[in-house]
Amino acid sequence: MTAAQVRWEEQGHVGRIVLNRPERLNALGEAMLEELGAIVEAAGRRPREIRVVLVEGAGRAFCAGADLKERLALTDRETILRGVGRIKAVCGALARLPQPTIAAMGGLALGGGLELALSCDFRFAVRDALLGLTETSLGIIPGAGGTQRLARLIGPARAKELILTARKITAEQAYAWGIVNGIAEDGEELSERCALLTAELLAVAPLAVAKAKAAIDRGLNADLGTGMAIEAEAYAALIGTKDRLEALEAFRAKRPPRFTGE
C-alpha cells in the first residue's frame, strides 16, 4: 500500500492538512490533488467539529508547485487545461472553506504552492523560505488564481513585479509586502506562531467567525453599498444563534463563554 500523499490530522477542533511528498518537495501531482481535494471537501462539511484548518508541508518545502515530471507527459491542450484546472479547483475549495485557514510555509512555496497558500486566510513562513509565482519562466502564467489573489492582496503593481519577472522573494520581503502575516526563525517557532493564532480563533464564536470571513470575502470586490448589505445579512443571521445568547450569559456571569457553533 502506498503512503498517503496528503495526511489529515485532528487535535481538538483543529484540522491539519499535511502535504506529504517530501521527496518531491510536495509537488502537486494528480494523485496528490485528488487526495487534497477530498480532504478539503470533507473538512468543509464539519464546521462545528473542525473550527480551524492548518495547511503545511512535510520536509523542507511547503510546496514547490505543480509536478513538472507529470507535466512533461501532458501534450495536448485539453489535458493540460484539465491539469491546471485540478489545482485551481482545490485552491478554490480551500478558499471557500467556512473555517479560517492558516498556511504554515516551512520552506519553498512556488507556483501552485504559493497559489495554495494564497487561498488560505493567513500565511506564516520560516525566515529562509522562498516564495514566488514563477510560471512565466516556464512560458505560462499562474493558472490557479495567483494573478487574481496576489493582486488583490498586495496591489496590481507589486503583483505584476513578482509575476512578470518570475522573481523568488524571501520571507522578509513577503512580510514587508503583506503576503505573509509573520516570520518564524525555524519550524518549531513556525508551529508556535500558528498555534497562537489558532488559540485566538478558537476562543471566539465559530459561527461569527464564518460569517465575518464570508462577509469580507464576498464584499471584497463589491461596491460599498453592496458590501454593507452583505454585512447586514451576515449580522442578522447570527441574532438567533445559541452562541450569541451564550456570550451574553457569560458576560452576565463573568465567566468565559462556551461556544458550540450553534
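Residues numbered from 1 in each chain as written. Predicted model: local features only at pLDDT ≥ 70, side-chain atom pairs only at ≥ 80, totals over all residues. Heavy atoms only, no water.

1. Quick word on the overall build of the chain
Item 1. Helices and strands together make up the secondary structure of the chain, namely eleven helices and ten strands.
Item 2. Against the 2.2 N^0.38 benchmark of 18 Å for 262 residues, the chain shows a C-alpha radius of gyration of 19 Å, consistent with a compact globule.
Item 3. Referenced to the eigenvectors of the C-alpha coordinate spread, the extents of the chain come out at roughly 65 × 45 × 35 Å.
Item 4. In the chain, which comprises 262 residues, the proportion classed as buried is 42%.
Item 5. Excluding contacts between residues fewer than 6 apart, the proportion of contacts in the chain whose partners are at least 24 apart in sequence is 66%. (Helix = DSSP H or I, 4+ residues; strand = E, 2+ residues; numbered from the N terminus. Rg over C-alpha atoms; globule rule 2.2 N^0.38 Å. Buried < 20%, exposed > 50% of the residue type's maximum accessible area, 1.4 Å probe, protein only. Contact = heavy atoms within 4.5 Å.)

2. Considering the packing of helix H5 (residues 146–154) against helix H6 (residues 156–165)
Item 1. Closest axis-to-axis distance for the H5/H6 pair is 7 Å, and the angle between their directions is 135 degrees. Accordingly, the angle class assigned to the pair H5 and H6 is oblique. Seen from above, H5 lies across H6 with right-handed handedness. On the side of H5, the interface is formed by Gly-146, Thr-147, Leu-150, Ala-151 and Ile-154, while H6 contributes Pro-156, Arg-158, Ala-159, Leu-162 and Ile-163.
Item 2. Tallied by class, the residues present in the contact of H5 with H6 amount to seven nonpolar, two polar and one charged. (Axes fitted to C-alpha atoms, helices over the stretch in contact; angles between N-to-C directions. Parallel < 35°, antiparallel > 145°, perpendicular 65-115°, else oblique. Left-handed = near helix turned anticlockwise from the far one by under 90°. Nonpolar A, V, L, I, M, F, W, Y, C, P; charged D, E, K, R; others polar.)

3. Quick notes on the sheet that holds strand E6 (residues 108–110)
Item 1. If you trace the four strands from one edge of the open sheet to the other, you get E4-E6-E8-E9, paired in mixed fashion. Sheet topology places strand E4 (61–63) and strand E9 (169–170) at the edges, where each strand pairs with a single neighbour.
Item 2. The sheet contact formed by E6 and strand E8 (residues 130–132) spans two bridges and is parallel. In the strand pairing of E8, Ala-109 is matched with Leu-131. (Pairing = 2+ DSSP bridges.)

4. Quick notes on the pairing of strand E7 (residues 122–126)
Item 1. Counting buried residues in E7 gives four out of five residues, a clear majority hidden from the surface.
Item 2. Where strand E5 (residues 101–105) meets E7, four bridges bridge the pair, whose relative direction is parallel. In the sheet register, Ala-104 faces E7, and the bridge partner there is Phe-124.
Item 3. Pairing of E7 with strand E10 (residues 182–184), which is carried by three bridges, proceeds in the parallel orientation. Considered in E10, the bridge of Phe-124 is made with Gly-182.

5. Topic: unusual backbone geometry
Excluding glycine, residues mostly have negative phi values, and the peptide bonds linking residues are mostly trans.
Item 1. With phi around 60 degrees, Ala-166 is a residue other than glycine that occupies positive phi space.
Item 2. Within the element layout of this structure, Ala-166 appears in the loop between H6 and E9.
Item 3. Its relative accessible area of 12% is what places Ala-166 among the buried residues.
Item 4. For Lys-254, which is not a glycine, the phi torsion comes out positive at approximately 55 degrees.
Item 5. Its place among the elements puts Lys-254 in the segment after helix H11 (242–253).

6. Section: H11
Item 1. The first and last C-alpha atoms of H11 sit 16 Å apart over twelve residues, in line with the 16 Å expected at 1.5 Å per residue.
Item 2. Listed as buried for H11 are Asp-243, Glu-246 and Ala-250. The buried residues of H11 occupy one face: seen down the axis, they fall within an arc of 55 degrees. Turned more than 90 degrees from where H11 packs its buried face, Phe-251 and Arg-252 sit exposed.
Item 3. Tucked inside the fold, the buried residues of H11 contact helix H9 (206–219).
Item 4. Just past H11, the residue Lys-254 takes up positive phi, approximately 55 degrees. (Expected span 1.5 Å × (residues − 1). Arc of directions from axis to C-beta.)

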